[in-house]
Every structure is written in structure tokens, then in C-alpha cells.
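Each chain is listed here by its residues.
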Amino acid sequence: QVHLVESGGGLVQTGGSLRLSCVLSGRTFSSYAMGWFRQAPGKEREFVAAISRRGDYTSYADSVKGRFTISRDNAKNTVYLQMNSLKREDTAVYYCAAGVSLIGVPRTSEGYADWGQGTQVTVSP
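An account of the accompanying structure is given in this report.

What counts as what
- All residue numbers refer to positions counted from 1 along the written sequence of the respective chain.
- Totals for whole chains, interfaces and linings use all residues, but because this is a predicted model, local features are given only for residues with pLDDT of at least 70 and pairs of side-chain atoms are given and counted only at 80 or more.
- Just so you know, side-chain values use all the structure's heavy atoms and leave hydrogens and water out.
- We count a stretch as a helix when DSSP gives it H or I for four or more residues in a row; a strand needs E for two or more, and each element gets its number in order from the N terminus.
- In this treatment the radius of gyration is a C-alpha quantity, and the globule benchmark scales as 2.2 Å times the residue count to the 0.38 power.
- Only protein chains enter the calculation, and the probe is 1.4 Å; a residue is then buried if its accessible area is under 20% of its type maximum, exposed if over 50%, and partly exposed in between.
- Whenever Lys or Arg places a side-chain nitrogen within 4 Å of a carboxyl oxygen from Asp or Glu, that contact is recorded as a salt bridge.
- Pairs of residues are marked as contacts when any of their non-hydrogen atoms sit within 4.5 Å.
- Ring pairs shown here join Phe, Tyr and Trp side chains whose ring centres sit within 6.5 Å, with only the six-membered ring taken for Trp; geometry is labelled stacked below 30 degrees between planes, edge-to-face above 60, and tilted in between.
- If DSSP finds at least two bridges between two strands, the strands pair.

### Focus on the overall build of the protein
- When helices and strands are tallied, the protein shows zero helices and eleven strands.
- Taking 125 residues into account, the globule formula puts the C-alpha radius of gyration at 14 Å, and the protein, at 13 Å, falls close to it.
- When the backbone C-alpha atoms are referred to their principal axes, the protein occupies close to 40 × 30 × 25 Å.
- Going through the 125 residues of the protein one by one, you find that 45% of them count as buried.

Have a look at this one:
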């Protein structure tokens, strides 16, 4: 059975930093791209960042480019999202996801087969 467990969310002030982690079990972690998405209250889930299976290619939403960094450690079955210079509009539940295909680095939900339960990130004024 596939499990993705996120951690690292919390309350942070504007301009602060957080690092999210997501551990995958039940699948061969190194074979798939991994992604982060987020959903704010009253809004649809949106793409944040994705990383190729070897970690040699990354993709970011324009709203987080230059502030967030996605990385992975295949030996630990873990993907990370380093979030710096946080803004109020970054407040959301953040979800990690494991890709559905052996190729590509998807930017849409349809490209991901398995999802975590989410971790709340709240950025205060």
C-alpha cells in the first residue's frame, strides 16, 4: 500500500522560512517524479513545484520561483520543499504527490497517482 506522509508545516511570520518533507513508502521512490501542490481556503488545488526522478530537473510555479526549492533524497525516499521569503498568500495546505508515469515532470494533478494527506502552512503578518 502506498503512503505519503508530509511534515514540517506550521505557523511562520511573513518573510520567514519553512522546510516541508514528504516520505513515500509502498512504491519505488526513485522511479517517479515527485510534486508539491497547495490548496488555499476557497481556492482550487494548484501546482507549486516538481522534480524529476533523478533530481536533475525541477519545475516551479511562477508565484514561488526564486523563493521555493524542491529537492529529493532517493536514499531516504524523501522529497523536500524549502520555502523562503514566505508571504501571506502562501498560506495553504501543502500536498506532496508521486508521479503516475516513469517519464516526465508533470505540472498538473492528472500527472500524479498518489497523494499525501497534506500539511498546513500559515503565514502571519
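### Observations concerning the pattern of salt bridges
- If you walk through the whole model with that rule in mind, you get five salt bridges.
- Between arginine 38 and glutamate 46 there is a salt bridge, with the nearest N and O atoms lying 2.6 Å from each other.
- Overall, the relative accessible area of 5% leaves arginine 38 in the buried class.
- The class of glutamate 46 is partly exposed, set by a relative accessible area of 36%.

### So, the environment of valine 5
- For valine 5, the location among the structural elements is in strand E1 (residues 3-7).
- In this structure the C-alpha to C-alpha distance between valine 5 and threonine 78, which are 73 residues apart in sequence, comes to 9.5 Å.
- When neighbours within four sequence positions are excluded, valine 5 is seen to be in contact with Ser21, Cys22 and Val23.

### Some words on the packing of aromatic side chains
- Throughout the structure, instances matching the rule amount to four aromatic pairs.
- Where phenylalanine 37 meets phenylalanine 47, the ring centres are 5.7 Å apart and the plane angle is 75 degrees; that geometry is what we call edge-to-face. In this pair, phenylalanine 37 is assigned in strand E4 (residues 34-39) and phenylalanine 47 in strand E5 (residues 46-51), connecting sequence segments ten residues apart. Each member of the pair, phenylalanine 37 together with phenylalanine 47, is buried.
- With a centroid separation of 5.3 Å and 80 degrees between ring planes, the pair formed by phenylalanine 37 and tyrosine 112 is classed as edge-to-face. Linking phenylalanine 37 in strand E4 with tyrosine 112 in strand E10 (residues 112-115), this pair joins segments that are 75 residues apart in sequence.

### Examining the pairing of strand E3 (residues 18-25)
- Pairing of E1 with E3 involves five bridges; the strand directions are antiparallel. Its bridge partner lying in E3, serine 7 is registered against serine 21.
- Direction of pairing for E3 relative to strand E8 (residues 78-83): antiparallel, over a ladder of six bridges. When the sheet's bridge partners are listed, serine 21 is paired in E8 with tyrosine 80.

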